[in-house]
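# Fold and geometry: a report
Residue-level listing of the chains:
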Amino acid sequence: MKNKIKLNDPKHIFIIAEAGSNWKAGSYKKDIERAEKLIKVAAKSGADAIKFQTYNPKSVYVPNAGKSKYLLKSGMDKSIFEIFQKYSMPHKMLKDLSIICKKEKILFMSTPFSVEDAKVVNKFVKIHKIAAFEINHIRLLEYLASTKKPIIISTGASDSSEIDYAVKLLKKKGAKKICLLQTTSKYPAPIETLNLKVIAELKKKYNVPVGLSDHSIEPILGPTLAIGLGATIIEKHFTLNKKFSGPDHSFALNPKELDQLIKTIRESQKALGDGIKKILKDEEELRKFATRSIQAIKNIEKNEMFVEGENINILRSGNQKRGENARFLTKIIRKKSNRKIKLGEGVFLKDCQ
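Summary of the structure given here.

Cut-offs applied
Residues numbered from 1 in each chain as written. Predicted model: local features only at pLDDT ≥ 70, side-chain atom pairs only at ≥ 80, totals over all residues. Heavy atoms only, no water. Helix = DSSP H or I, 4+ residues; strand = E, 2+ residues; numbered from the N terminus. Buried < 20%, exposed > 50% of the residue type's maximum accessible area, 1.4 Å probe, protein only. Contact = heavy atoms within 4.5 Å. Polar contact = N/O pair within 3.5 Å; in protein donor to acceptor, adjacent residues only side chain to side chain. Expected span 1.5 Å × (residues − 1). Core = buried A, V, L, I, M, F, W, Y, C linked by side-chain atoms within 4.5 Å. Axes fitted to C-alpha atoms, helices over the stretch in contact; angles between N-to-C directions. Parallel < 35°, antiparallel > 145°, perpendicular 65-115°, else oblique. Left-handed = near helix turned anticlockwise from the far one by under 90°. Nonpolar A, V, L, I, M, F, W, Y, C, P; charged D, E, K, R; others polar. Pairing = 2+ DSSP bridges. Right-handed = clockwise from strand over helix to strand, strands pointing away. Phe/Tyr/Trp six-rings, centres within 6.5 Å; stacked < 30°, edge-to-face > 60°. Lys NZ or Arg CZ within 6 Å of the ring centre and 35° of its normal. Salt bridge = Lys/Arg side-chain N within 4 Å of Asp/Glu carboxyl O.

### Thoughts on the environment of Asp 248
- Among the structural elements, Asp 248 can be located in the loop between strand 8 (233-237) and helix 10 (255-272).
- When its relative accessible area of 10% is taken as the criterion, Asp 248 is described as buried.
- For the pair Asp 248 and Pro 188, spaced 60 residues apart in the sequence, the C-alpha separation amounts to 9.2 Å.
- Asp 248 has contacts with Gly 20, Ser 21, Asn 22, Tyr 70 and His 237, leaving out every residue within four places of it along the chain.
- A polar side-chain atom of Asp 248 sits 3.1 Å from a polar atom in the side chain of Ser 21.

Written as structure tokens, this is what we have:
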């Protein structure tokens, strides 16, 4: 974990390994043990942060909210209230997990779903994350803005007006750094729903760091393309085992896939460069050898006129001394040589009388 948190650095993409509810194993002891394993996997893979979720079902859904069709497909035939109750993280767990993260040198994060949760979470995190479905939770936004800590907002299932409102409210309430993540609120999200071009639009419109929270099951495609479009933050769910029971395991990456993703991201960020078109050091040898220049195609005597196709031409110099750039040809032809030039040598503007 770096001392300075960088959320807008193309040379170091900020990677959040999303543990979500995948720490849940049964008893508190087993929960901590599984969470610790998740933290160690994320740290070993090179993620910058690992993120959990902190919520109380009573402050999320109405008690008679019913069943979720999405979760029914995952085999969870219980009301959403019961499911949230089962997978809610006790507040006392936050301190334990933050200590483990500090030991493993990875940033601890946890998404709060209420002001009460956020107040507890705030004691242990350096960055706040707002879940997509909380983007209009004005009291939560107001509180998080008051902490003056960086805030990352997922924008799934929201439109421009809702993003506008959230960003303006956060700024009005004192938020110092706001980041936006393009997100598709579907689990898993089909590749054709990722809408990655939104990343460039969000950067242009809001002038803030932008990234991708990827819910697709494909481990590399979405994040790699997102980086090419300007994303500097990548968030991806992961699990120890996709067959574990729970709402977030089936579409999450396994440890091997997480490791593969992060390695690919680190290579991708190298490939981006600085955006300045120039002759690179690695190109200099072949540029000298193979880029066309003005070369003598026969021995040229002093006072001899330069004639294209007769004694000079635009050729690659190879191991011969490279002549003037070919774009200066018209300034050399029909001028006379002020020296003897051997076959293959480069011809320069200074060689003209």
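That covers the picture; the talk isn't over yet.
### Here's the deal with helix 1 (residues 28-45)
- For helix 1, with 18 residues, the first-to-last C-alpha span of 26 Å sits near the 26 Å given by 1.5 Å per residue.
- Burial in helix 1 covers these residues: Asp 31, Ile 32, Arg 34, Ala 35, Leu 38, Ile 39, Val 41, Ala 42 and Ser 45.
- Elements in contact with the buried residues of helix 1: strand 1 (14-20), strand 2 (49-54), helix 4 (92-104) and helix 10.
- Downstream of helix 1 by one or two residues, Gly 46 has phi in the positive range, about 100°.

### So, the nonpolar core
- Judged by nonpolar contacts, the single largest core of 62 residues is most densely connected at Ile 50, Phe 52, Leu 97 and Phe 238.
- Top contributing element to this core by residue count: helix 1, with 6 residues.
- Residues contacting Phe 52, with those up to four places away along its chain left out, are Glu 18, Ala 19, Gly 20, Trp 23, Ala 35, Ile 39, Met 89, Leu 97, Phe 108, Met 109, Ser 110 and Thr 111.
- Within the second largest apolar cluster, 11 residues are counted, among which are Ala 49, Ile 152, Leu 181 and Ile 233.

### Observations concerning the packing of helix 1 against helix 10
- It is at 9 Å that the axes of helix 1 and helix 10 come closest, and there the two elements cross at 30°. With respect to their mutual orientation, helix 1 and helix 10 come out roughly parallel. In terms of crossing hand, the pair formed by helix 1 and helix 10 is right-handed. Of the residues in helix 10, those in contact with Val 41, Ala 42 and Ser 45 of helix 1 are Pro 255, Leu 258, Asp 259 and Ile 262.
- The residue makeup of the contact of helix 1 with helix 10, split by class, is 5 nonpolar, 1 polar and 1 charged.

### Some details on the pairing of strand 8
- In terms of residue burial, strand 8 counts as a mostly covered element, since 5 of its 5 residues are buried.
- Residues Ile 233, Glu 235 and His 237 point to one face of strand 8 and Ile 234 and Lys 236 to the other, with burial holding for every one of them.
- The pairing of strand 1 with strand 8 spans 5 bridges and is parallel. Paired with Ile 15 across the bridge in strand 8 is Ile 234.
- A crossover connection joins strand 7 (residues 210-214) to the parallel strand 8 through helix 9 (residues 221-228); in handedness this β-α-β unit is right-handed.

### Quick notes on the packing of aromatic side chains
- Following the criterion strictly, the structure yields 5 aromatic pairs and no others.
- For the ring pair Tyr 55 and Phe 113, a centre distance of 5.2 Å and an interplane angle of 65° mean the geometry is edge-to-face. Remark: Phe 113 occurs in the loop between strand 3 (107-112) and helix 5 (115-121) and Tyr 55 occurs in the loop between strand 2 and helix 2 (69-73); sequence separation between them is 58 residues. For the pair formed by Tyr 55 and Phe 113, the shared burial category is buried.
- Ring centres of Tyr 187 and Phe 251 lie 5.4 Å apart, and the angle between their planes is 50°; on these two criteria the pair is classed as tilted. Here Tyr 187 is found in the loop between strand 6 (178-183) and helix 8 (198-206), whereas its partner Phe 251 is found in the loop between strand 8 and helix 10, with 64 residues between them in sequence.
- On the basis of relative accessibility, which here comes to 23%, the residue Tyr 187 falls in the partly exposed class.
- Its end group placed over the ring of Phe 244, Arg 34 keeps NZ or CZ at 3.9 Å from the ring centre.

### Focus: helix 6 (residues 138-146)
- Here helix 6 has its buried residues at Leu 140, Leu 141, Tyr 143, Leu 144 and Ala 145.
- As for helix 6, its buried residues are in contact with strand 3, helix 5, strand 4 (128-130), strand 5 (151-154) and helix 7 (160-172).
- Lys 148 sits one or two positions beyond helix 6 and adopts a positive phi of about 65°.

### Comments concerning the pattern of salt bridges
- Applying the stated criterion across every chain, the model contains 19 salt bridges.
- Between Lys 6 and Asp 9 there is a salt bridge, and its shortest N-O distance comes to 3.8 Å.
- For Lys 129, the salt bridge goes to Glu 235, with nearest N and O atoms at 2.9 Å. Here Lys 129 is found in strand 4, whereas its partner Glu 235 is found in strand 8, with 106 residues between them in sequence.
- You can call Lys 129 buried: its relative accessible area is 3%.
- Connected through salt bridges with shared partners, the residues Arg 339, Glu 345 and Asp 351 form a single ionic network.

### Some details on the sheet that holds strand 6
- Judged by pairing direction, the sheet is parallel, and its 8 strands sit side by side in the order 3-2-1-8-7-6-5-4 without closing on themselves. Either end of the sheet is taken by a strand with one partner, and the two such strands are strand 3 and strand 4. On average, each strand axis in the sheet is inclined to that of its neighbour by 25°, with strand direction left out of account.
- Where strand 4 lies against strand 5, 3 bridges are found, and the strand directions are parallel. Bridge pairing in strand 5 links Ile 130 to Ile 153.
- Relative to strand 2, helix 1 is tilted by about 150°, and along the sheet it contacts strand 1 and strand 2.

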